[in-house]
Amino acid sequence: MKVVYHIGLHSTDEDRALRCLLRNDEMLQHRGIVAAQPGRFRPVLREAMIQLKGQPANEEMQDHILEEIIDLDTPERVIFSNDSFLCVPRRAIMGDTLYPLVGERVPWIRNLFPSHVAEFAFALRNPATMIPAMHARFADQESFGEYIGRINPEALSWVDMVTRLRIAAPDSPVTIWCNEDSPLIWPEILETLSGVEDAMELDGIDDFVSELMSDEGVLRMNDYLEAHPPASAEHRRRVVSAFLDKYVCEEAVEMELDLPGWTGARISALTEKYEAEVEQVAAMDGVTLLAP
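Every value quoted in this text rests on a predicted model; they were computed, and no experiment measured them. Here the residue index of a chain counts from 1 through its sequence in written order. Per-residue local features of the predicted model are confined to residues with pLDDT of at least 70, and side-chain atom pairs are confined, for both listing and counting, to 80 or more; whole-chain, interface and lining totals are unaffected and use all residues. With hydrogens and water excluded, all non-hydrogen atoms of the structure serve as input to the side-chain values.

Looking at this model, I keep getting lost on the sheet that holds strand 3 (residues 77–81). Mind explaining?
Where strands meet in a sheet, backbone hydrogen bonds hold them as pairs that are either parallel or antiparallel. Ordered by their spatial adjacency, 6 strands build an open sheet running 2-3-1-6-7-8, and the pairing between neighbours is parallel. The two strands at the open ends of the sheet, each matched to only one other strand, are strand 2 (33–35) and strand 8 (287–290). Strand-to-strand twist across the sheet, computed as the mean angle between neighbouring axes with direction ignored, equals 20°. Docked against the sheet, helix 9 (residues 186–194) engages strand 1 (2–6), strand 2, strand 3, strand 6 (117–124), strand 7 (174–178) and strand 8, running at close to 120° with respect to strand 3. By definition, two strands form a pair when at least two bridges between them are found by DSSP. Here a helix means four or more residues in a row that DSSP labels H or I, a strand means two or more in a row labelled E, and each is numbered from the N terminus. Fitting a line to C-alpha atoms yields each axis, with helices limited to the stretch in contact; the angle taken between N-to-C directions then spans 0 to 180 degrees. Every residue pair with non-hydrogen atoms within 4.5 Å of one another is taken to be in contact.

Would you mind going over the packing of helix 1 (residues 16–23) against helix 9 with me for this structure?
Packed helix pairs are specified by the crossing angle of their axes together with the interaxial distance, meaning the distance between the axes. Remark: helix 1 packs on helix 9, axes separated minimally by 11 Å, with the N-to-C direction vectors making an angle of 70°. As judged from the angle between their axes, helix 1 and helix 9 are roughly perpendicular. The hand of the helix 1/helix 9 crossing is right-handed. The residues of helix 9 that touch helix 1, namely those facing Arg-16, Ala-17, Cys-20 and Leu-21, are Trp-186, Leu-190, Leu-193 and Ser-194. Any angle between 65 and 115 degrees counts as roughly perpendicular, while under 35 counts as roughly parallel, over 145 as roughly antiparallel, and the rest as oblique. With the far helix as reference, a near helix turned anticlockwise by less than a right angle produces a left-handed crossing, and one turned clockwise produces a right-handed crossing.

Honestly, the environment of Ser-241 in this entry has me stumped. Any pointers?
Structurally, Ser-241 is set in helix 12 (residues 233–247). As a C-alpha pair, Ser-241 and Arg-164 span 77 residues in sequence and 35 Å in three-dimensional space.

Just to check I follow, could you spell out the environment of Arg-266 for this structure?
Mapped onto the elements of the fold, Arg-266 is located in helix 14 (residues 264–282). Sequence separation between Arg-266 and Pro-153 is 113 residues, and the spatial gap between their C-alpha atoms is 9.3 Å. Contacts of Arg-266, omitting those with residues within four sequence positions, involve Ile-148, Pro-153, Glu-154 and Gly-261. Any pair of nitrogen or oxygen atoms within 3.5 Å is treated as a polar contact; in protein, a donor-acceptor pairing is required on top of that, and neighbouring residues in sequence qualify only through side-chain atoms on both sides. Side chain to side chain, Arg-266 and Glu-154 meet in a polar contact 2.7 Å long.

So what exactly am I meant to see when it comes to the nonpolar core here?
Where a protein is soluble and globular, its nonpolar side chains tend to be buried together. For the purposes of this section, nonpolar cores are sets of buried Ala, Val, Leu, Ile, Met, Phe, Trp, Tyr and Cys residues that join through side-chain atoms within 4.5 Å. Relative accessibility thresholds used throughout: buried, under 20% of the residue-type maximum; exposed, over 50%; partly exposed, between the two (1.4 Å probe, protein chains only). In terms of nonpolar packing, the biggest core is built from 65 residues, with Tyr-5, Phe-80, Tyr-99, Phe-122, Trp-158 and Met-161 touching the most fellow members. Those residues in contact with Tyr-5 that lie beyond four places of it in its chain are Phe-80, Phe-85, Ile-109, Leu-112, Phe-113, Ala-118, Glu-119, Phe-120 and Ala-121.

In this structure, what is going on with helix 1? I would like to understand it.
The α-helix advances 3.6 residues per turn, and as a result positions three or four apart in sequence lie on the same side. Of the residues making up helix 1, those classed as buried are Ala-17, Leu-18, Cys-20 and Leu-21. Considered in projection along helix 1, the buried side chains sweep an arc of 165° and stay on one side of the axis. Summarising the contacts, the buried residues of helix 1 are in contact with strand 1, helix 2 (25–30), strand 2, helix 3 (38–52), strand 3 and helix 9. What the arc measures is the spread of directions leading from the helix axis to the C-beta atoms.

When you look at a negative patch on the surface in this model, what are you seeing that I'm missing?
Together, Glu-47, Glu-59, Glu-60, Asp-63, Glu-67 and Glu-68 make up a region of like negative charge exposed at the surface. Considering every element that reaches the negative patch, the biggest residue donor is helix 4 (residues 59–69), with 5 residues. Take Glu-68: it is sitting in helix 4. On the basis of relative accessible area, Glu-68 is assigned to the partly exposed category, the value being 41%. Each patch is built from salt-bridge-free residues with over 30% relative accessible area, joining like charges within 9 Å and nonpolar side chains (Val, Leu, Ile, Met, Phe, Trp, Tyr) within 5 Å. For the accessible areas, the method is Shrake-Rupley and the probe is 1.4 Å, while residue cover comes only from the protein chains on display. Between Lys or Arg on one side and Asp or Glu on the other, a salt bridge is scored when a side-chain nitrogen of the former is within 4 Å of a carboxyl oxygen of the latter. The sign given to each residue is positive for Lys and Arg and negative for Asp and Glu; His and the chain ends receive no count. Charge placement uses NZ in Lys and CZ in Arg. For Asp and Glu, CG and CD serve respectively.

In structure tokens:
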């Protein structure tokens, strides 16, 4: 059995991938693939991790966990998706560190099913937009100025975060992508998580990109794709990109960044560092980058 841990991260996927996979539950289970229901697996895995505290689960416990959370007798692939696998949003950025608990929590996750192959998957996001989006989750508890006063945005490093993850679970491959690219590579993301060779078979494959376009654009894109089925993933990306350029809803893709201390110069510097770090992470051993 292969276990895929889609660990989010916060303010990236927002459970879109999980909802799509659950929508195709019957088809996936016929192929031996299970997208675990969050209401069933999240409390069970949480309890197991607390009990094990990073120690490997024995065969009996692994069987018990599976019996509690899935109905398929012999699954070939199980997908667990939870953007708070590593921590709650408020602890995602502490001081100068992205996800400081990754070194501790990843072994806890990996050792739930130590007898099986495991993979991790998640999206990176530009800190220039990730930090305001993260703060929005608990804006009622502290102001943006207070938030950036207790963290060091310029020191945050995805290279450091992924390095710590790889050290914590060296036997588990990691697949990453940039959140900014997600609408264009959505089929590839779903293929990575589900193991389905052609994600275009999945019902709801265009739901995500449809959220970003006007109703007219969605109708025109669907009519075009039906009349001109894409010959490849690259062909589909060109089509989707063309329709997004023409029919995008600005309010769906633009973010309010008129915040105290969040200057244009700071945003540019954070973005430049982020783009350089994505290339560094993609070059790491055991890491695969999905990109347009």
